[in-house]
Amino acid sequence: NPEHPIILYLGSSQNAGDETWLVKDLYQALREAHDPRLRQTQLIIRPHPANSDYYAALDLAGLHVIPRKGILPVSEDAFQLFFDSIYHSVAAIMGVSTSGVIDSIIAGKPAIAIIVDEYKERQAQTYHFQHLFRSDAIEIASSAKDCMPIIQALYDGKDTKRIKRETFVRNFLRPRGIEKNVGTIIADEIESLAG
């Protein structure tokens, strides 16, 4: 529904196991929220292609698993679907850890990490997650319910991590300059190594 906002949940790899319980918690927290904007929020789940089977039976009004079986964004159509999911969302949420959250940050979207006891150890071992955490470029929630005030603030136009996200992109992802084409940088490096 183009009239209602979208939140994107980025599923994790098979190492995370079944995280649909966290998705259901997030869905329930949205439906029980006091703010009508939160109650009307559509939740798009983007499963990791190696961990999509858990989502097969997930069928709740206003919750969409896209794509249902999970695909890598390697073809033009698959990439466009991934990009559109990010672009039309107010924010991206990750329950465990996924590099897809970095794509969301590159696209200028706020990101929320839900850090719960079940996943703390896995998150601590993930290289990109630790960089995101130390950079303070992502919002942190300790439960699905704790995401609600963060999302509400974003709906109110309060994006407190925007500058830190931009700094993360500049310093960690594009240290040679955002305006420089990465393909050209890589080609130059390969040519210099080849002598």
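Just so it is clear, the structure is predicted and the values come from calculations on it, not from any experiment.

(A) View of the overall build of the protein chain. Within the protein chain, the secondary structure is distributed over nine helices and six strands. In summary, the protein chain has a C-alpha radius of gyration of 17 Å against a globular reference of 16 Å for 195 residues, a match within 12%. C-alpha extents for the protein chain along the principal axes are approximately 60 × 35 × 35 Å. By the burial criterion, 44% of the 195 residues in the protein chain qualify as buried. Here the analysis covers contacts within the protein chain between residues at least 6 apart in sequence; of these, 63% occur between residues at least 24 apart. Carbon and sulfur atoms make up 53% of the accessible area of the protein chain, which amounts to about 10600 Å² in all.

(B) Representation of the environment of Asp117. With respect to the secondary-structure elements, Asp117 resides in the loop between strand S5 (111-114) and helix H5 (120-124). Asp117 sits 26 residues away from Ser143 along the chain, and the two C-alpha atoms are 9.8 Å apart.

(C) Representation of the sheet that holds strand S4 (residues 91-94) in the model. A sheet is described by the order of its strands in space; here six strands give the open sequence S3-S2-S1-S4-S5-S6, paired in parallel fashion. With partners counted over all chains shown, the strands left at the sheet margins are strand S3 (63-65) and strand S6 (139-141), one partner each. Neighbour-to-neighbour, the strand axes of this sheet turn through a mean angle of 25°, independent of strand direction. Pairing between strand S1 (residues 6-10) and S4: four bridges, direction parallel. Across the sheet, the residue bridging to Ile7 is Ala91, located in S4.

(D) Here's a closer look at the packing of helix H1 (residues 20-31) against helix H7 (residues 147-155). The N-to-C vectors of H1 and H7 enclose an angle of 60°; their axes lie 10 Å apart at closest approach. Our classification of the angle between H1 and H7 gives oblique. Regarding H1 and H7, the two cross each other, and that crossing is right-handed. Where H1 abuts H7, its residues Leu26, Ala29 and Leu30 lie against Cys147, Met148 and Ile151.

(E) Here's a closer look at helix H9 (residues 182-194). Between its first and last C-alpha atoms H9 spans 18 Å; for 13 residues at 1.5 Å apiece the expected length is 18 Å, and the two agree. Immediately downstream of H9, the backbone of Gly195 shows phi near 80°, a positive value.

(F) Quick peek at the pattern of salt bridges. Counting across every chain of the model gives eight salt bridges. With a closest N to O distance of 2.5 Å, Lys161 and Asp136 form a salt bridge. A residue pair is termed long-range when its members are at least 10 positions apart, and Lys161 in the loop between H7 and helix H8 (162-173) and Asp136 in the loop between helix H6 (127-135) and S6 qualify at 25 residues. Overall, Asp136 belongs to the partly exposed group, its relative accessible area being 30%.

(G) Molecular detail of the pairing of S4. Neither face of S4 is exposed, since Ala91 and Ile93 on one face and Ala92 and Met94 on the opposite face are all buried. Where S4 lies against S5, three bridges are found, and the strand directions are parallel. Along S5, the bridge assignment pairs Ile93 with Ile112. As a crossover connection, the stretch from S4 through helix H4 (residues 100-106) into S5 is right-handed.

(H) Quick look at the side chain of His131. Of note, His131 is situated in helix H6. Classification of His131 by relative accessible area gives buried; the value is 19%. Setting aside anything within four residues of it in sequence, one finds His131 in contact with Phe168 and Phe172.

Here is what the cut-offs are and how they apply
- Sequence positions are assigned chain by chain, starting from 1 and proceeding in written order.
- Given that this is a predicted model, residues contribute local features only at a pLDDT of at least 70 and side-chain atom pairs are listed and counted only at 80 or more, while totals for whole chains, interfaces and linings are drawn from all residues.
- Neither water nor hydrogens contribute to the side-chain values; these are computed over all heavy atoms in the structure.
- To qualify as a helix, a DSSP run of H or I must reach at least 4 residues; to qualify as a strand, a run of E must reach at least 2; elements of each kind are numbered from the N terminus.
- We compute the radius of gyration from the C-alpha atoms alone; for a globule the expected value is 2.2 Å times N to the 0.38, where N is the number of residues.
- Accessible area is worked out with a 1.4 Å probe on protein chains only. A residue is then buried under 20% of its type maximum, exposed over 50%, and partly exposed in between.
- By definition, residues are in contact when any of their heavy atoms lie within 4.5 Å.
- To measure how exposed things are, a 1.4 Å probe is used in the Shrake-Rupley method; for residues, cover is taken only from the protein chains shown.
- Strand pairing requires that DSSP identify at least two bridges connecting the strands.
- Structural elements are reduced to axes, namely lines fitted to C-alpha atoms, with helices fitted over the stretch in contact, and the angle between N-to-C directions of any two is expressed from 0 to 180 degrees.
- The cut-offs work like this: below 35 degrees is roughly parallel, past 145 is roughly antiparallel, 65 to 115 is roughly perpendicular, and the gaps in between are oblique.
- Helix crossings fall into two classes, left-handed where the near helix is turned counterclockwise from the far one by less than a right angle and right-handed where it is turned clockwise.
- Helix span, as expected, comes to 1.5 Å for every residue beyond the first.
- What counts as a salt bridge is simple: a side-chain nitrogen of Lys or Arg found within 4 Å of a carboxyl oxygen of Asp or Glu.
- We call a crossover right-handed when, viewed with the strands running away from us, the connection from the first strand over the helix to the second turns clockwise.

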